[in-house]
Number of protein chains: 2
Amino acid sequence: MTETRAYHHGDLRRALLAAALEAIEEVGPAALSLRDLARRAGVSHAAPTHHFGDKAGLLTALAAQGFDLLAQALIATHDDFLEAGVAYVDFAVTHRAYFEVMFRPELYRADDPELLAARERSGAALRSGVAALSGGGGPVDTDRDALAAWSIAHGFATLWLAGALPDRVGDNPREAARAVLRRLSA
Amino acid sequence: MTETRAYHHGDLRRALLAAALEAIEEVGPAALSLRDLARRAGVSHAAPTHHFGDKAGLLTALAAQGFDLLAQALIATHDDFLEAGVAYVDFAVTHRAYFEVMFRPELYRADDPELLAARERSGAALRSGVAALSGGGGPVDTDRDALAAWSIAHGFATLWLAGALPDRVGDNPREAARAVLRRLSA
DNA sequence: CGAAGAAACTTGTCAGTGACAAGATTGCGA
DNA sequence: TCGCAATCTTGTCACTGACAAGTTTCTTCG
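Residues numbered from 1 in each chain as written. Chains lettered and ligands numbered in written order. Predicted model: local features only at pLDDT ≥ 70, side-chain atom pairs only at ≥ 80, totals over all residues. Heavy atoms only, no water.

### As for the nonpolar core
Part 1 of the argument: Phe156(A) and Phe156(B) are the most contacted members of the largest nonpolar core, which totals 129 residues.
Part 2 of the argument: Beyond its immediate stretch of four places on either side in the chain, Phe156(B) contacts Leu147(A), Ser151(A), Val89(B), Leu165(B), Val169(B), Pro173(B), Ala176(B), Ala177(B) and Val180(B). (Core = buried A, V, L, I, M, F, W, Y, C linked by side-chain atoms within 4.5 Å. Buried < 20%, exposed > 50% of the residue type's maximum accessible area, 1.4 Å probe, protein only. Contact = heavy atoms within 4.5 Å.)

This is how it looks when you write it as structure tokens:
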């Protein structure tokens, strides 16, 4: 296992994405440096260009991958509203780097087809969970309910990540999120 | 009224903050360039340093001013929960540049005393509005209710700003926010 | 009034960055 | 095995934030 292999890294694209996740967790998506990623991967400063074109290209790939992972996490809750909300917050905290890129469309190409498809998959999974909640009879407005659910989960997640919440909320995001999300289903 | 006055702009600090608000609305807070602000204000590229030290200093001042404006907007709703929520969303949409900086603490000095004080004023105004809602008797948990209210308003606001919401939500943020916020008070 | 010192701003410079062009190396299919 | 395409490198440019040092204006105080 040689330490440095000249030319043909073998899996540079994947290595760069992994390095990007690390770097974003350290300095945030805005301060991300392509040259730093190249250094982390042990390649020259221009190597990333070949795989992603530019910085926005790399972040587009990351965002698409993130929406895909989020969709999977939501689907795994099997249309349980509360669990879907908790999973949403859990995803944001556990995959912070993904989440921070996903909702910053000015950093990537929001019209990328692959990304749009993955984004739609998460949206569908979310609505599906909400539809299960409001099945209890009476006139329901799934669209509005889904928007409310998405808002409360997304708001809690972003406030948590921004460190804006007071200490008394505790250090367990899943538990705290569950308590907050319950206010909506009550 | 001379067009260019050498030395002593007169109100450069304010001019730079105003230029920053403009620039952030155009390119976002991350892509903000101090040199661009200097050009907009008609001064040399190093002039901003004297007033703010560095980029983080400028954004700290902006964030503090933003929290102050938000607190005023919330206080003006006189402890009406729904109106406070609508005002929160309205602030985010109307003062997009402020809002985008305020909740990106990695961009500024989050331990700045003036900023902390302004932030605490908004927090108090928010809790005050929620306390008014839950005054209807029964066991109440104002902390948790305030967190839920903050989450849903903040989530809706950030999703709106990120352009993540589907078209069918419409183009009137106040109206759409009111419908969503009502799901919490019901 | 006027001089000293502080405040405000400028010019000059440096390392780091993203993007691009052009060239070198390697793997793969005909 | 030969040629070509994919992969990666070296070199370069304009731009940026930060800092150092100098210049101009304002203010305060003798």
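Next, the rest of the story.
### What to know about the protein's contact with DNA strand D
Part 1 of the argument: In the neighbourhood of DNA strand D, 24 residues make up the surrounding shell, with His9(A), Ser44(A), His45(A), His51(A) and Arg35(B) lying closest.
Part 2 of the argument: Among the atoms of DNA strand D close to the protein, meaning within 4 Å, 62% are from sugar or phosphate groups.
Part 3 of the argument: Here a phosphate oxygen of DNA strand D sits 3.3 Å away from a polar atom, N or O, in the side chain of Arg39(B).
Part 4 of the argument: At the level of elements, helix H3 (47-52) of chain A together with helix H2 (34-41) of chain B are the ones that each hand at least two residues to the surface near DNA strand D.
Part 5 of the argument: For the surface near DNA strand D, the class distribution of residues is nine nonpolar, 10 polar and five charged. (Near = heavy atom within 4 Å. Polar contact = N/O pair within 3.5 Å; in protein donor to acceptor, adjacent residues only side chain to side chain. Helix = DSSP H or I, 4+ residues; strand = E, 2+ residues; numbered from the N terminus. Nonpolar A, V, L, I, M, F, W, Y, C, P; charged D, E, K, R; others polar.)

### Some points on the interface of chain B and chain A
Part 1 of the argument: Each side of the interface is counted separately: chain B has 29 residues, and chain A has 29 residues.
Part 2 of the argument: For the pair chain B and chain A, the two sides together bury roughly 2,800 Å², of which 65% comes from carbon and sulfur.
Part 3 of the argument: Its largest share of buried area at the contact with chain A, chain B owes to Leu147(B), Leu159(B) and Arg183(B), together 20% of the area lost on that side.
Part 4 of the argument: In this structure, Glu106(A) and Arg104(B) form a salt bridge, with 3.7 Å as the shortest nitrogen-oxygen distance.
Part 5 of the argument: Inspection of the region where chain B meets chain A yields four residue pairs in polar contact (both at pLDDT 80 or more).
Part 6 of the argument: When contributions to the side of chain B that touches chain A are tallied by element, the ones reaching two or more residues are helix H8 (142-161) and helix H9 (173-185) of chain B.
Part 7 of the argument: In terms of residue count, the dominant contributor to the side of chain B that touches chain A is H8(B) (13 residues).
Part 8 of the argument: Among the residues forming the side of chain B that touches chain A, the class breakdown is 16 nonpolar, five polar and eight charged. (Buried area = accessible area lost by both parts, 1.4 Å probe. Salt bridge = Lys/Arg side-chain N within 4 Å of Asp/Glu carboxyl O.)

### A short note on helix H2 (residues 34-41) of chain A
Residues and elements named next belong to chain A.
Part 1 of the argument: Listed as buried for H2 are Leu 37, Ala 38 and Ala 41. Down the axis, H2 shows its buried residues gathered within 100 degrees of arc, on one side only.
Part 2 of the argument: For H2, the secondary structure elements touched by its buried residues are helix H1 (12-27), H3 and helix H4 (55-75).
Part 3 of the argument: Looking one or two places after H2, you find Gly 42, whose phi comes out positive at around 75 degrees. (Arc of directions from axis to C-beta.)

### Digging into the UniProt feature "domain: HTH tetR-type" (unreviewed entry) in chain A
Part 1 of the argument: Per the UniProt annotation, the sites labelled "domain: HTH tetR-type" (unreviewed entry) are residues 10-70 of chain A.
Part 2 of the argument: Split by type, residues 10-70 of chain A is 75% helix and 0% strand. Its first and last C-alpha atoms lie 28 Å apart. (UniProt positions renumbered as here; feature names shortened; annotations may be inferred.)

### Comments concerning the protein's contact with DNA strand C
Part 1 of the argument: Near DNA strand C lie 24 residues; those nearest to it are Arg35(A), His9(B), Ser44(B), His45(B) and His51(B).
Part 2 of the argument: Of all atoms in DNA strand C that approach within 4 Å of the protein, 60% are sugar or phosphate atoms.
Part 3 of the argument: For DNA strand C, a phosphate oxygen lies 3.0 Å from a polar atom in the backbone of Leu34(A).
Part 4 of the argument: A distance of 2.4 Å separates a base nitrogen of DNA strand C from a polar atom in the side chain of Arg35(A).

### Let's talk about the UniProt feature "DNA-binding region" (unreviewed entry) in chain A
Part 1 of the argument: In this structure's numbering, the residues bearing the UniProt feature "DNA-binding region" (unreviewed entry) are residues 33-52 of chain A.
Part 2 of the argument: When the span residues 33-52 of chain A is considered, its composition is 70% helix and 0% strand, and the gap between its end C-alpha atoms is 14 Å.

### Describing the packing of H1(A) against H4(A)
Residues and elements named next belong to chain A.
Part 1 of the argument: Where H1 contacts H4, the axes come no closer than 11 Å and their chain directions differ by 80 degrees. With respect to their mutual orientation, H1 and H4 come out roughly perpendicular. Residues Arg 13, Leu 17, Ala 20, Leu 21 and Ile 24 of H1 lie in contact with H4, whose contacting residues are Leu 58, Leu 59, Ala 61, Leu 62 and Gln 65.
Part 2 of the argument: Residue classes in the contact of H1 with H4 are distributed as eight nonpolar, one polar and one charged. (Axes fitted to C-alpha atoms, helices over the stretch in contact; angles between N-to-C directions. Parallel < 35°, antiparallel > 145°, perpendicular 65-115°, else oblique.)

### What about the domain arrangement of chain A?
A common way to report how large an interface is uses the accessible area buried once the components associate.
Residue and element names in this part refer to chain A.
Part 1 of the argument: The domains assigned to chain A are domain 1 (1-53) and domain 2 (54-185).
Part 2 of the argument: Taking only C-alpha atoms, the centre of domain 1 and the centre of domain 2 are 28 Å apart.
Part 3 of the argument: Between domain 1 and domain 2, the contact holds 14 residues from the first and 17 residues from the second.
Part 4 of the argument: Carbon and sulfur atoms supply 74% of the area buried between domain 1 and domain 2, which totals about 1,300 Å² over both sides. (Domains from an automatic or database assignment.)

### Side note on the environment of Gly155(B)
Part 1 of the argument: Locating Gly155(B) in the fold gives a position in helix H8.
Part 2 of the argument: Residue Gly155(B) is classed as buried on the basis of its relative accessible area, which comes to 0%.
Part 3 of the argument: For the pair Gly155(B) and Val89(B), spaced 66 residues apart in sequence, the C-alpha separation works out to 9.2 Å.
Part 4 of the argument: Look past the residues within four positions of Gly155(B) in its chain and what remains in contact with it is Ser151(A), His154(A), Gly155(A) and Trp150(B).

### Focus: the packing of helix H7 (residues 113-133) of chain A against helix H8 (residues 142-161) of chain A
Residues and elements named next belong to chain A.
Part 1 of the argument: For the pair H7 and H8, interaxial distance at closest approach is 9 Å and the crossing angle is 110 degrees. As the angle between them shows, H7 and H8 are arranged roughly perpendicular. Here H7 and H8 pass one another in a crossing that is right-handed. In contact with Leu 126, Arg 127, Val 130 and Ala 131 of H7, H8 contributes Thr 142, Asp 145, Ala 146, Ala 149 and Trp 150.
Part 2 of the argument: Split into classes, the residues belonging to the contact of H7 with H8 amount to six nonpolar, one polar and two charged. (Left-handed = near helix turned anticlockwise from the far one by under 90°.)

### Considering the relation of the copies chain B and chain A
Part 1 of the argument: When chain B is brought onto chain A, the operation consists of a screw motion whose angular component is 180 degrees and whose axial shift is 0.0 Å, with 0.0 Å RMSD remaining. On the angle and the small slide along the axis, the relation comes out as a two-fold axis.
Part 2 of the argument: Looking at the interface residues of chain B, 100% of them are also at the interface in chain A, so both copies use one shared face. (Least-squares fit on C-alpha atoms with pLDDT ≥ 70 in both.)

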